[in-house]
Amino acid sequence: MAMSKRKRARVVRGVQYGILVAVILVVALTANWTKIRTTFFDLEVAGDMFPEVITVGLFNTVVYTALGFGFGLGLALVLALMRLSVVRVNRWIAGIYIEFFRGLPALLVILAVGTGIPLAFGTFLDKYVALMIALGIVASAYMAETLRAGIQAVPRGQVEAARSLGMSPGRTMVTIVIPQAFKIILPPLTNELILLTKDSSLALFLGASVSEYELTQFGRVALNESRSLTPVLVAGICYLIITIPLSYLSRYLERRTGGRKLGTPESTEVKA
Amino acid sequence: MSTAAETPGLAVDIAGLHKSFGPVEVLRGIDMQVKRGEVVCIIGPSGSGKSTLLRCVNLLEEPTAGSVVVNEVELTDPDVDIDAARTKIGMVFQSFNLFSHLNVLNNITVAQIKVLKRGKAEAERTALANLERVGLTGRGTAMPSELSGGQQQRVAIARALSMNPDVMLFDEPTSALDPELVGDVLAVMRRLADEGMTMLVVTHEMQFAREVADRVLFMDGGVIVEEGLSEEVIGDPQEERTRAFLSRVLNPVHVNGPD
């Protein structure tokens, strides 16, 4: 039977809608809604989590992430500059560091820093410091490459103009290149912040006192006490409160810088 | 206005200059001088090495051989503080190269403050005076992207002037501009020349070269083919290559396209 292309497309679309409706109907009619509701969203259990889920859980997640991101960004900047260094050894060290830590699971790094350093040096390592270092190391390996790309994306003419005004290479980097590089890489950096927010949940493997719980640990403890999955849902919503605005911010920044080329309107660097 | 009379001597003295990019020799032995207060235009076809020559004057390109002396400082001497020397050599680029993250005023003050260590107030005073000089009073808060090409180039000139340079280098300053914006930039440059600024200009603007320049150099194939007073080189070229180039530039209708 010959069917026109357009007619066939319409039939295919209709079948897809039909399947979707059927699935929804089957789930809605067969599921035990009361059970599902008490399992996933027991208002009483959810209510018991407040306000600590915000004042402790969400708070610590934000603090761990911010510390790790700040430390990681500083480290990434050093690594990126080393990658672009004229000294070959610097390039090697940074390259090895980046390959090494990009290839390891974040959890291993967190365990190594959080339990390894205190064991090896026989010192007590504050939870906040341990996570700042561990998350920073994880994030820096990714951000270093992003930063390097950003620095290299700054048009050459900007460097030449700065140098022709008597700025030293270091001064040019700090005053002219790095500010423009950051503008270019703001969207990917925001994405890195989202990833790090989620990675901060791995802190739960380090063990913590109640006041140090971040969202995932907070949710897990509440889960053990309540025998309802509600705490997981609440913790999840709290993560989304952080990450969804960030992802909108990232997309907004991408739109803002994506269309317009940074630097001067030079498309033709033709020189006689 | 000219200080050339009181301070005899050379602003730029280049001898035996060679420059290679890999296996390609772009400059093949250049000797040239620019006197204080003199305006010299460098003309020539694309790929003749004229921009490279200009960029060797402030060592944006490192010469392969030869010496470059600007205001009695030998820049090719490895012990010379090149950053300090460059503060006295203003440069204006074909593609303007305004710092895209800074507004007009900060574009002009940043090097004054960070390099010359001037106070903010003094730097801004200098900036505003030079903005007025290039006819852009009141545009200090604009971002470069909000300006036309001609305005951007005039800001770039103001930025270079604010360092109080002894020499100004112009690398095809009007080549990236829409035709109707060329005049404003050339007018600023002409005024600068009248004020006695020492200028070295790579340009395709033959009328400007003829009227404003004291001397014109014609380059081709990495060497200076002909040099002399501007009206002589442009009005009555002696070399065949100069004649051929000028006839192409001055009568562009008769050729297939620009070089």
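For the structure, check the block above.
Analysis parameters
- Residues numbered from 1 in each chain as written.
- Chains lettered and ligands numbered in written order.
- Predicted model: local features only at pLDDT ≥ 70, side-chain atom pairs only at ≥ 80, totals over all residues.
- Heavy atoms only, no water.
- Axes fitted to C-alpha atoms, helices over the stretch in contact; angles between N-to-C directions.
- Helix = DSSP H or I, 4+ residues; strand = E, 2+ residues; numbered from the N terminus.
- Parallel < 35°, antiparallel > 145°, perpendicular 65-115°, else oblique.
- Left-handed = near helix turned anticlockwise from the far one by under 90°.
- Contact = heavy atoms within 4.5 Å.
- Nonpolar A, V, L, I, M, F, W, Y, C, P; charged D, E, K, R; others polar.
- Buried < 20%, exposed > 50% of the residue type's maximum accessible area, 1.4 Å probe, protein only.
- Core = buried A, V, L, I, M, F, W, Y, C linked by side-chain atoms within 4.5 Å.

This part is about the packing of helix α3 (residues 104–114) of chain B against helix α4 (residues 120–133) of chain B. Residues and elements named next belong to chain B. Running from N to C, α3 and α4 point in directions that differ by 130 degrees, and their axes come no closer than 9 Å. Taken together, the axes of α3 and α4 lie oblique to each other. As α3 packs across α4, the resulting crossing turns out to be right-handed. Of α4, the residues touching α3 (which contributes Val104, Leu105, Ile108, Thr109, Gln112 and Ile113) are Lys120, Glu122, Ala123, Glu124, Thr126, Ala127, Leu128 and Leu131. Residue composition of the contact of α3 with α4, by class: 8 nonpolar, 3 polar and 3 charged.

The next point concerns the environment of Asn164 of chain B. Residue and element names in this part refer to chain B. By secondary structure assignment, the location of Asn164 is in the loop between α5 (149–161) and β7 (167–171). A residue is classified by how much of its surface remains accessible, and Asn164, at 42% relative accessible area, is partly exposed. Excluding anything up to four places from it in sequence, Asn164 contacts Lys88 and Arg118.

One finds Val53, Tyr97 and Ile110 of chain A to be the most contacted residues of the largest nonpolar core, which totals 52 residues. If you list the elements that add at least two residues to this core, you get α3 (43–49), α4 (52–83), α5 (88–102), α6 (106–121), α7 (127–153), α9 (169–199), α10 (215–226) and α11 (230–259) of chain A. With 12 residues, α7 of chain A is the largest single contributor of residues to this core. Counting 46 residues, the second-largest nonpolar core is a separate cluster that includes Ala158, Met168, Met199 and Ile234 of chain B.

Purely geometric numbers; function is a separate question.
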